[in-house]
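Structural characterization, general
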Amino acid sequence: MTNLSAPPAAPSAAQPAPKASPFASKAPARPGLSAIGVGTLGSVAALVALVAIGVALHQIVLIPPLAASAALVFGAPALPLSQPRSVIGGQLISALVGFVVLAVAGHSMWAAGVAGGLALGAMMLARTPHSPAAATAVIVVLTQPHTVKFLALLALATVVLVVVGIVAGRSGRTARYPSYWW
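Below is a short write-up of the structure. Treat the numbers as computed from the prediction; the structure is a model and nothing was measured. Counting restarts for each chain, with residues numbered from 1 along the sequence as it is written. pLDDT decides what is reported in this predicted model: residues at 70 or higher carry local features, side-chain atom pairs at 80 or more are listed and counted, and totals for whole chains, interfaces and linings draw on all residues regardless. Processing note: side-chain calculations cover all non-hydrogen atoms of the structure and skip hydrogens and water entirely.

Digging into the packing of aromatic side chains
Stacked, tilted and edge-to-face are the three classes assigned to paired rings of Phe, Tyr and Trp, where Trp is represented by its six-membered ring and a pair needs centres within 6.5 Å; plane angles under 30 degrees give stacked, over 60 edge-to-face, the rest tilted. Per the stated rule, a full pass over the model turns up one aromatic pair. Aromatic side chains F99 and F150 sit 5.9 Å apart centroid to centroid with 75° between the ring planes, which places their arrangement in the edge-to-face category. Separated by 51 residues along the polypeptide, F99 in helix α3 (residues 84-105) and F150 in helix α6 (residues 147-169) bring together distant segments of the chain. Residue F99 is classed as buried on the basis of its relative accessible area of 10%. Here the basic side chain of R85 rests over the ring of W182, its NZ or CZ set 4.4 Å away from the ring centre. Segments assigned H or I by DSSP are reported as helices when at least four residues long, segments assigned E as strands when at least two residues long, and all are numbered from the N terminus. Burial classes: relative accessible area under 20% of the type maximum marks a residue as buried, over 50% as exposed, and values in between as partly exposed (1.4 Å probe, protein chains only). Over a ring means this: the NZ of a Lys or the CZ of an Arg is within 6 Å of the ring centre and within 35 degrees of the ring normal.

What follows is the structure, given as structure tokens:
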């Protein structure tokens, strides 16, 4: 009769460990379906809210970098890039860099490229890294928006993303958001 409470025998030193498949993924495990659902619904809710705000104000509020920001806030809420300091600060700093480059170098693809790169440096200096925000600097140079209006709408939009992220992060289905504020 086999003793069910005894630990399994240790493998002998003569047996080689099983070889991992060269095709085995090193990516993290897929989140549970409830976390995917909350992240997806939160992202949709936040982005549609930005569209609704834009419609109400007769302004474009949803710009492509904000969709990428939402992907970080709702898809990877524990990352430093996803925290409110980085989402709000990174976007606003990058927009300011874009406006400075626009004022100094003018409206061109070359200036847009410089703005995107300088935005990264400014975010790193300010400890507000947020990769989607570099695209915001590029958009500022390419579209030449009104400075105060753009900055106000961008601040509003990033706060909306963070607030909806907080609600999603309190669902108990995803990582708690934010991990830190400042």
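Looking at unusual backbone geometry
A cis amide bond, omega -5°, links Y177 with the succeeding residue P178. The residue H58 is not glycine, and still its phi comes out positive at about 55°. Examined against the element boundaries, H58 turns out to sit in the loop between α1 (33-57) and α2 (64-75). Its identity is not glycine, yet R127 carries a phi of approximately 60°, on the positive side.

Topic: the nonpolar core
We define a nonpolar core as any set of buried Ala, Val, Leu, Ile, Met, Phe, Trp, Tyr and Cys residues linked to one another through side-chain atoms lying within 4.5 Å. L50, L66, F150 and L161 are the most contacted members of the largest nonpolar core, which has 25 residues in total. Of all the elements in the fold, those that place two or more residues in this core are α1, α2, α3 and α6. Of all the elements, α6 adds the most residues to this core, at ten residues. Any pair of residues with heavy atoms lying within 4.5 Å of one another is described as a contacting pair. In this structure, F150 is in contact with I63, A95, F99, T136, V140 and P145, ignoring residues within four places of it in sequence. Listed in part, the nine residues of the second largest apolar core include L102, A112, A119 and A137.

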